[in-house]
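Chain residues, written in single-letter form:
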Amino acid sequence: MTLHSIHERFADEIFALVQKNKTWLQTAMDWPQYVLSVEDSRKMAQGNYILHHRGYAKMFLIFQHQKMVGIISFNQIEPTNKVAYIGYWLDKNAQGQGIISRAIQAIVEKYAREGVVRRFVIKCIVSNLASNQVALRNGFILEGCLKQAEFLNGEFQDQNIYGRIVGSVE
């Protein structure tokens, strides 16, 4: 498994992977419904490339055997508080192999070691059992449930919030 920082040269592959997984992605995330063309993926990549290099977000493409299988990101970084909010998704056919866990471990270790982030947060809807399990398996602690915090598929969903502090007493 390798991680590559976001770049628009991957727009075709990103678009194809989103389209392949769109139906099930939309059960847990709102954004896939708005990905209608390669140009949408290109614009997303361009915007995230800028945020990535300015340090306000980080986005990495996940490759397994030289094939793109998903994305992991810090959707937001709060530099003053040294907090990063982690998001991820994986091709349905690549799930259950520990790929997301290895990707989480890699970015947590790198950014904690560099002193950029000390508090890592994962938020996911309560009904997304797989994502909740990923957080727990990777040392994140359930800190609470945000009631009706995420609008998805026409209704508000409760959202679990998990935290992990690295580099100080937890």
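Residues numbered from 1 in each chain as written. Predicted model: local features only at pLDDT ≥ 70, side-chain atom pairs only at ≥ 80, totals over all residues. Heavy atoms only, no water.

The subject of this paragraph is the overall build of the protein. Scanning the protein for helices and strands turns up four helices and seven strands. Each helix and strand of the protein, placed in order from N terminus to C terminus, yields the pattern β-α-α-β-β-β-α-β-α-β-β. By the compact-globule yardstick of 15 Å for 170 residues, the protein fits well, its C-alpha radius of gyration being 15 Å. The C-alpha extent of the protein, read off along each of the three principal axes, is 45 × 35 × 30 Å. Taken across its 170 residues, the protein has 42% of its residues classed as buried. The contacts in the protein between residues at least 6 apart in sequence include a share of 58% that link residues at least 24 apart. Counting only carbon and sulfur atoms, one obtains 52% of the accessible surface of the protein, whose full area is about 9,200 Å². Seen as two clouds, the 19 positive and the 15 negative side-chain charges of the protein have centres 5 Å apart. (Helix = DSSP H or I, 4+ residues; strand = E, 2+ residues; numbered from the N terminus. Rg over C-alpha atoms; globule rule 2.2 N^0.38 Å. Buried < 20%, exposed > 50% of the residue type's maximum accessible area, 1.4 Å probe, protein only. Contact = heavy atoms within 4.5 Å. Areas by Shrake-Rupley, 256 points an atom, 1.4 Å probe, with all protein chains shown as cover. Lys, Arg positive; Asp, Glu negative; His and termini not counted. Charge placed at Lys NZ, Arg CZ, Asp CG, Glu CD.)

Across the sheet, which stays open at both edges, the seven strands sit in the order E1-E2-E3-E4-E5-E7-E6 with mixed pairing between neighbours. Two strands in the sheet have a free side with no partner beyond their single neighbour: strand E1 (2–5) and strand E6 (141–152). When strand polarity is set aside, the average angle formed by the axes of neighbouring strands in this sheet is 30 degrees. Note: strand E5 (residues 119–125) against strand E7 (residues 155–165), seven bridges, orientation antiparallel. Each bridged residue has a counterpart across the sheet, and for Lys123 the counterpart in E7 is Ile161. The sheet contacts of helix H2 (residues 38–54) involve E1 and strand E2 (58–64), and relative to E2 the element is tilted by about 115 degrees. (Pairing = 2+ DSSP bridges. Axes fitted to C-alpha atoms, helices over the stretch in contact; angles between N-to-C directions.)

To continue, consider the environment of Glu39. Within the secondary structure, Glu39 sits in helix H2. C-alpha of Glu39 to C-alpha of Tyr49: the two residues are 10 residues apart in sequence and 15 Å apart in space.

Moving on, we come to the environment of Met1. With respect to the helices, strands and loops of the structure, Met1 is situated in the segment before E1. For Met1, a relative accessible area of 37% gives the class partly exposed. Linking Met1 and Lys147, residues 146 residues apart in sequence, is a C-alpha distance of 36 Å. Beyond its immediate stretch of four places on either side in the chain, Met1 contacts Ile62, Phe63, Gln64, Ile99, Arg102 and Ala103.

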